[in-house]
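Reading the structure
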Amino acid sequence: MALATGIYDVKRDFGAFGDDSHDDTTSFVTALAVVGAEQGTLLVPKGTYRIDAGALEISTNFTKVLGYGRAFPILKFYGADYGIKVTGQYDVHLQGLRVVSAGANGTYGIAHNPSYSTTAAQSSVQDVHLLSWATCGLQHTNPELFYCRNVSTYDCGRGFEITNADNTDGLL
């Protein structure tokens, strides 16, 4: 049951464990589908969430994923090329998370590539830490009106990769 209209908690409402031993993939996939359909917010409390089955995809507009608690929640990906893959075009926001590759083949921590050749209007990544991604921590295409604040990378091939629709380098 939602805390308020469109606001859900991945542990309470979708049964995620956040203990680094149970696979929380199904809880996140289900939660993102519900939150996306309602154009809402998914709250992620502190904990270490094990994601065993590929990337988490956010394909809807007006979707927020917010970590909360005294310590940033950790999304730990095993065997995934991507951590979080964002294909929604408008108002997709990620905040207060650690996105970690636990496998040797983790390529991109966050790949923000709108599904059409339009810009990612008013989307953001804030207070996010990306760790151990082989190719790049944050990849973003079409950076118009994309807000990036307090994002750190550690042990990533490149920290940031920003390109425009015509594959020219972006601003970072």
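Predicted model, so just to flag it, every value in this text is computed and none were measured. (Residues numbered from 1 in each chain as written. Predicted model: local features only at pLDDT ≥ 70, side-chain atom pairs only at ≥ 80, totals over all residues. Heavy atoms only, no water.)

Details of helix α2 (residues 25-38)
Quick reminder of the rule: Counting from the N terminus, the helices are DSSP H or I runs at least four residues long and the strands are E runs at least two residues long. A helix is expected to span 1.5 Å for every residue after the first. Whether a residue is buried, partly exposed or exposed follows from its accessible area with a 1.4 Å probe, protein chains only, as a fraction of its type maximum: under 20%, in between, or over 50%, in that order. Our arc is simply the arc of the directions from the helix axis toward the C-beta atoms.
Given a rise of 1.5 Å per residue, 14 residues ought to cover 20 Å, and the 20 Å separating the end C-alpha atoms of α2 matches this to within 8%. Of all the positions in α2, only T25, S27, F28, A31, L32, V35 and G36 are classed as buried. Taken down its axis, α2 places every buried residue within 155 degrees of arc, on the same side. Of the residues in α2, the exposed ones pointing more than 90 degrees away from the buried face are T26, A33 and A37. Q39 sits one or two positions beyond α2 and adopts a positive phi of about 50 degrees.

Structural notes on the sheet that holds strand β8 (residues 82-86)
Quick reminder of the rule: For two strands to pair, DSSP has to find at least two bridges joining them. To get an axis, a line is fitted to the C-alpha atoms, and for a helix only the part in contact is used. The angle between two axes follows their N-to-C directions and goes from 0 to 180 degrees.
Across the sheet, five strands lie side by side as β5-β8-β10-β12-β14; this open sheet has parallel pairing. Sheet topology places β5 (56-58) and β14 (158-163) at the edges, where each strand pairs with a single neighbour. The sheet shows a mean angle of 10 degrees between the axes of neighbouring strands, direction not considered. Of the strand pairs in this sheet, β5 and β8 are connected by three bridges, and their pairing is parallel. Across the sheet, L56 pairs through a bridge with I84, a residue of β8.

None of the figures reported here should be taken as evidence of function without further support.
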